Amino acid sequence: MKITVIGAGAMGSLYGAKLSASPKNEVVLLDIWKEHVDAINACGLLLEEGGEPVRYGNLSASTDASLAGHADFAIIFVKSTVTKQAVLGNIGAFGPKTTAITLQNGLGNIDLISEVVGRENVLAGTTAQGAMVLGPGKVRHSGHGRTVIGELDGTKTTRIETVHEMLSEAGFETTISDNVVGLVWDKLLVNAGINALVGITGLFNGELLGYPELLEILELAVLEGKKVAESEGVKLGFPDPVSHALEVCAATAETKASMLQDVLNHRKTEIDMINGAIVRIGGRNGVETPVNRSLTNLIKFIEKHGMNFIEKHGEQIWKNE
């Protein structure tokens, strides 16, 4: 099985490493981070699991998709802000029989990928795994949770069963769903409750549980998202999405969420595809979303000015007083 992972950040590297452990799989990681690619090709990928480093050497990495050849499955793990750009930029990995799998955060990825490779060639899903990049060629597996996958039309096909077997053999707890759109919204609501808050506060996921004032904001953001999902006619997989978000907080307690990593590294976040998407769709459907709008605007402010701006401004106010 030839598996290409597009986007070898924390999650892409985690999945690529675990999938490469099977002798049945040939795994290639595609990424624009040359130092990371070079480190993997030179020494394999070092994955820290439970505090113990495990080196995965049965995989390769490249910045050039044309060198990788056509994949049986292309798993897409890039930021949702660059989904279409990444698929087009790595089109060399896609042949007439390649199936694209998106396990990304946010809304809109299915449609963006379908525009390039055709909707019939796309599978979708979500994952509650957690991972952090420690440096070139080094990643920490920081949280465990289910991976759920499905055909877009909800049917159970041979290829979805193949993907289920492939991920399960790699050690990922995986289930098949007939409601993949609901799955994407389930994950969206989790991210809407957690990601912006950790990006603003600098807390790890599990640390949110210790602050009642932040949990109130989390609950309000998730409940707004639930109303927006209902306005779209989406059937959620979790009747109580707030409890589900809290469970994910606990399960990924030591995870530094991707939005916090982006903030700390002065990168553009996925806020427009998460809380921002709830605001846009809510506005279209007449659903008020003041909490998600506030979280979106706060993250956008931090994107523009950085946490250092806030700290320096606060210091200046203190001195003036």
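These figures come from a predicted structure and were not determined experimentally.

So, about the environment of G135. Here G135 lies in strand β9 (residues 130–135). Separated by 89 residues in sequence, G135 and L46 have C-alpha atoms that sit 9.8 Å apart. Leave out the neighbours within four places in its chain, and G135 touches W33 and H36.

What follows concerns the sheet that holds β9. Pairing in this open sheet of four strands is mixed, and the strands run β4-β3-β10-β9 from one edge to the other. Unpaired on one side and paired on the other, β4 (52–56) and β9 mark the two borders of the sheet. The mean angle between the axes of side-by-side strands here comes to 30°, regardless of whether they run parallel or antiparallel. For strand β3 (residues 45–49) and β4, the ladder comprises five bridges, and the chain directions are antiparallel. Looking at the pairing, L47 lines up with V54 of β4.

The sheet built from eight strands is open, its strands ordered β5-β2-β1-β6-β7-β8-β11-β12 with mixed pairing. Edge positions in the sheet fall to β5 (59–62) and β12 (174–176), since each of these pairs with one other strand and no more. Neighbour-to-neighbour, the strand axes of the sheet open up by a mean angle of 25°, direction not taken into account. With four bridges joining them, strand β1 (residues 2–6) and strand β6 (residues 73–76) adopt parallel strand pairing. Bridged to V5 within β6 is I75. Sheet strands touched by helix α6 (residues 158–169): β1, β6, β7 (99–102), β8 (122–127), β11 (147–151) and β12. Its angle to β11, the strand with the most contacts, is close to 165°.

Turning our attention to the pattern of salt bridges. Applying the stated criterion to the full structure yields 13 salt bridges. Between K24 and E169 there is a salt bridge, with the nearest N and O atoms lying 3.0 Å from each other. You can see K24 sitting in the loop between α1 (10–20) and β2 (26–30) and its partner E169 sitting in helix α6, a full 145 residues away along the chain. Of the residues examined, E169 reaches a relative accessible area of 46% and is grouped as partly exposed. Notably, a salt bridge pairs K300 with D272, separated by 3.0 Å at the nearest N-O pair. Note that K300 is positioned in helix α12 (residues 290–320) and D272 in the loop between α10 (258–264) and α11 (275–285), a separation of 28 residues in sequence.

Summing up the model confidence of the protein, the mean pLDDT is 93 and the portion of residues at 70 or higher is 95%. Confidence drops under pLDDT 50 across residues 316–321; counting only partners more than four residues distant or on other chains, this segment forms zero contacts.

Definitions and limits used
- Residues numbered from 1 in each chain as written.
- Predicted model: local features only at pLDDT ≥ 70, side-chain atom pairs only at ≥ 80, totals over all residues.
- Heavy atoms only, no water.
- Helix = DSSP H or I, 4+ residues; strand = E, 2+ residues; numbered from the N terminus.
- Contact = heavy atoms within 4.5 Å.
- Pairing = 2+ DSSP bridges.
- Axes fitted to C-alpha atoms, helices over the stretch in contact; angles between N-to-C directions.
- Salt bridge = Lys/Arg side-chain N within 4 Å of Asp/Glu carboxyl O.
- Buried < 20%, exposed > 50% of the residue type's maximum accessible area, 1.4 Å probe, protein only.
- pLDDT = per-residue confidence, 0-100.

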